[in-house]
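# Breakdown of the fold
The chain contents come next:
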Amino acid sequence: MQYEDRVDALVAPKGALEMLSQDEIARISEDSSQLHELFRRCSLAILNCGSDSDDPQAVLEEFHDFQISIVQQERGVKLQLVNAPSSAFVDGKMIQSVREMLFCVLRDIIFTHHEYDLESSLENASSDKITNTVFNLLRNANVFRRSPEPDLIVCWGGHSIARHEYDYTKVVGHELGLRELNICTGCGPGAMKGPMKGAAIAHTKQRITDGVYLGLTEPGIIAAESPNPIVNQLVILPDIEKRLEAFVRAGHGIIVFPGGAGTAEEILYLLGILLHPNNKDVPFPLVFTGPKESAAYFEQIDEFIGTVLGKEAQNKYQIIIDDPVAVARTMKEQMEDVRGFRKKHHDAFYYNWKLFIPEAFQHPFEPTHEKVAALNLHFDQELHDLASNLRRAFSSIVAGNVKAQGVAYIKAHGPFEIHGDKALLAKLDALLKAFVEQQRMKLPGTEYIPCYKVIT
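Right, let's walk through the structure included here. Model, not experiment: these values are computed from the prediction. (Residues numbered from 1 in each chain as written. Predicted model: local features only at pLDDT ≥ 70, side-chain atom pairs only at ≥ 80, totals over all residues. Heavy atoms only, no water.)

Of the regular secondary structure elements, the chain holds 18 helices and 14 strands. In terms of C-alpha radius of gyration, the chain reaches 21 Å, essentially the compact-globule figure of 23 Å for 456 residues. Seen through its principal axes, the chain has C-alpha atoms that stretch 60 × 50 × 45 Å. Classification of the 456 residues of the chain by burial places 57% in the buried group. Sequence separation of at least 24 residues holds for 77% of the intrachain contacts in the chain that already meet a minimum separation of 6. Of the roughly 19200 Å² that the chain leaves accessible, carbon and sulfur atoms contribute 48%. Computed over 46 positive and 61 negative side-chain charges, the inter-centroid distance for the chain is 5 Å. (Helix = DSSP H or I, 4+ residues; strand = E, 2+ residues; numbered from the N terminus. Rg over C-alpha atoms; globule rule 2.2 N^0.38 Å. Buried < 20%, exposed > 50% of the residue type's maximum accessible area, 1.4 Å probe, protein only. Contact = heavy atoms within 4.5 Å. Areas by Shrake-Rupley, 256 points an atom, 1.4 Å probe, with all protein chains shown as cover. Lys, Arg positive; Asp, Glu negative; His and termini not counted. Charge placed at Lys NZ, Arg CZ, Asp CG, Glu CD.)

If you want it as structure tokens, here you go:
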């Protein structure tokens, strides 16, 4: 049965995989039911672009009859869609941005799997090999530019933020764009969309026709945070750790907007890296910002960091409240420090090779009750190691909140239990409770059922 909100289509490549060898076509057409289901889910997320839902299971149930298959042709491949969301089409023709991103999914889920065999090749890989693999994945996606200046600003923040916070991210993005800076985000809605939208308008004012709006995601998160339509470069990294490394290797500075557990995970990831002695002299601009109504949020974050990781960690960032111009000026000015350091050390502008990332930050952490309970959340360790373990705790909460596999795991086995130092856990529990009260764990207006228990 054909529903009014469903479309069948045969789609030709655009932007990615437009030219393939016969050998490549044969390999990406190989049948693997598990890989194909991942491809189907990620493709549905792309076609459902613009949805307000952060419930991947609800989307999968609504479009349970959606199918996608690879059609081999002498000139390449096409995608056969059956019962695709009609929102991806206008007058029967697929929207160009959706079409481009759909073939990014084919490239990053199917082609990359067969080209690099990532699961087996990276299972026990060294730090250098992982860093080189992230480089190869970004290069394969044609992300790198020969820019004469560092200009890519990464923006982190929640997908379920309040309207005034979203509006603020747009204004900051606008100020960044006026200063000819480009944007990289997690590619979803909320704080991931606002900066891109603001920068796109500013780039038009500055007559910049090649503005970069880079979205970095991973298979477990894309269904809950479908890419926003402003993204003009999309890369789906194999897991959250590779995604986070891509952010800090490709970006030249980071702005953090209000968010929830996912944003806390990103903050702890970066602080853990910057606290490592090997990165003592590496300049990495980091600013926390939001509207005046969000000042308390950053006070809570700052207090938590100060109590748990100390003054050294607090010195790694600036907090600028309700001043988009100051945020943009700070980033623009600190690009000079980044440029000088990269030139002095003969490091590339497009990939931060000099930044040292320990293996603990690179290998995937797949949360289970046993692994979460065993996390070392005590003060008797190096600060960067404590930050790494705290990052994993927040990563587990993100998985239980929004990732389809994590949500199903919690439903089957109950909430994760977080153990550790009593004083540390008290601070962690207070921060998480504040996130819940401020509706930062789910979309505003929806009920949040915790996927964790802090055992104090």
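What follows continues from the structure just given.
By the element assignment, Thr131 lies in helix H6 (residues 127-140). At a separation of 2.7 Å, a polar atom in the side chain of Thr131 contacts the side chain of Glu245. (Polar contact = N/O pair within 3.5 Å; in protein donor to acceptor, adjacent residues only side chain to side chain.)

Next up on the list: the sheet that holds strand E12 (residues 318-321). Taken together, seven strands build an open sheet; the order of strands is E9-E8-E7-E6-E10-E11-E12 and the sheet is parallel. Of all the strands in the sheet, just strand E9 (233-236) and E12 have a single pairing partner and so form its edges. On average, adjacent strands in this sheet sit at an angle of 25° to one another, irrespective of strand direction. Where strand E6 (residues 152-156) and strand E10 (residues 253-256) come together, four bridges link them in parallel fashion. Its bridge partner being in E10, Val154 is matched across the sheet by Ile254. (Pairing = 2+ DSSP bridges. Axes fitted to C-alpha atoms, helices over the stretch in contact; angles between N-to-C directions.)

With 21 residues, helix H4 (residues 96-116) should reach 30 Å at 1.5 Å per residue; the first-to-last C-alpha distance of 28 Å fits that figure. Helix geometry: H4 is bent most strongly at Arg107, by close to 30°. In terms of burial, H4 is largely enclosed, as 16 of its 21 residues are buried. (Expected span 1.5 Å × (residues − 1). Bend = angle between axes of the 7 residues up to and from the residue.)

A word on the packing of aromatic side chains. To describe a pair of aromatic rings, one takes the distance between the centres and the angle between the planes. This model, assessed by the stated rule, comprises 14 aromatic pairs. Aromatic side chains Tyr351 and Trp353 sit 4.6 Å apart centroid to centroid with 65° between the ring planes, which places their arrangement in the edge-to-face category. By relative accessible area, which is 0% here, Tyr351 ends up buried. Relative to Phe416, the ring of Tyr409 has its centre 5.9 Å away and its plane inclined at 25°; by these criteria the two rings are stacked. Overall, the relative accessible area of 23% leaves Tyr409 in the partly exposed class. Judged by relative accessible area, which is 2%, Phe416 ranks as buried. The structure contains a cluster of three or more aromatic residues connected by ring pairs, namely Phe135, Phe144, Tyr350, Tyr351 and Trp353. Note that Arg440 overlies the ring of Tyr297, its terminal NZ or CZ placed 4.5 Å from the centroid. (Phe/Tyr/Trp six-rings, centres within 6.5 Å; stacked < 30°, edge-to-face > 60°. Lys NZ or Arg CZ within 6 Å of the ring centre and 35° of its normal.)

All right, on to the side chain of His276 then. Mapped onto the elements, His276 comes out in the loop between helix H11 (261-274) and strand E11 (286-290). Residues in contact with His276, not counting those within four places in the same chain, are Phe356, Pro358 and His384.

What the three strands build is an open sheet, ordered E1-E3-E2; its pairing is antiparallel. Of all the strands in the sheet, the pair left with one neighbour each is strand E1 (6-11) and strand E2 (67-73). Averaged over all pairs of adjacent strands, the angle between strand axes in this sheet comes to 10°, irrespective of strand direction. Looking at chain direction, E1 and strand E3 (residues 76-85) are connected through five bridges and run antiparallel. Directly across from Val11, in E3, lies its bridge partner Leu79. Set on the sheet, helix H2 (residues 33-47) makes contact with E2 and E3; between it and E2 the angle comes to about 105°.

Residues Gly253 and Ile255 line one face of E10 and the alternating positions Ile254 and Val256 line the opposite face, and both faces are buried. Pairing of E10 with E11 involves three bridges; the strand directions are parallel. Within the sheet, the bridge partner assigned to Ile254 lies in E11 and is Leu286. What joins E10 to E11 is H11, and the crossover it makes is right-handed. (Right-handed = clockwise from strand over helix to strand, strands pointing away.)

Judged by how many residues are buried, helix H10 (residues 240-250) sits mostly within the fold: 11 of 11 residues are covered. Taken together, the buried positions of H10 are Ile240, Glu241, Lys242, Arg243, Leu244, Glu245, Ala246, Phe247, Val248, Arg249 and Ala250. Its side-chain oxygen placed 3.2 Å from the backbone nitrogen of Glu241, Asp239 serves as the N-cap of H10.

Under the defined criterion, the tally for this structure stands at 19 salt bridges. In this structure, the salt-bridge partner of Arg107 is Asp108, at a minimum N-O distance of 2.8 Å. The pair Arg107 / Asp108 is uniform in exposure class, with both members buried. Of the charged contacts, one joins Glu265 and Arg391 as a salt bridge, the two residues approaching to 2.9 Å between their closest N and O atoms. Here Glu265 is found in helix H11, whereas its partner Arg391 is found in helix H16 (residues 383-402), with 126 residues between them in sequence. When salt bridges that share partners are traced, they join Asp5, Arg6 and Asp65 into one network. (Salt bridge = Lys/Arg side-chain N within 4 Å of Asp/Glu carboxyl O.)

Positioned with a positive phi, Asp91 is a non-glycine residue whose angle comes to about 50°. Tracing the backbone through its elements, the reader meets Asp91 in the loop between strand E4 (89-90) and strand E5 (93-94).

Turning to the environment of Tyr166, a few remarks are in order. Tracing the backbone shows Tyr166 in helix H7 (residues 163-178). Non-local contacts of Tyr166, meaning those with residues more than four positions away in its chain, are made with Ile161, Gly190, Lys193, Gly194 and Lys197.

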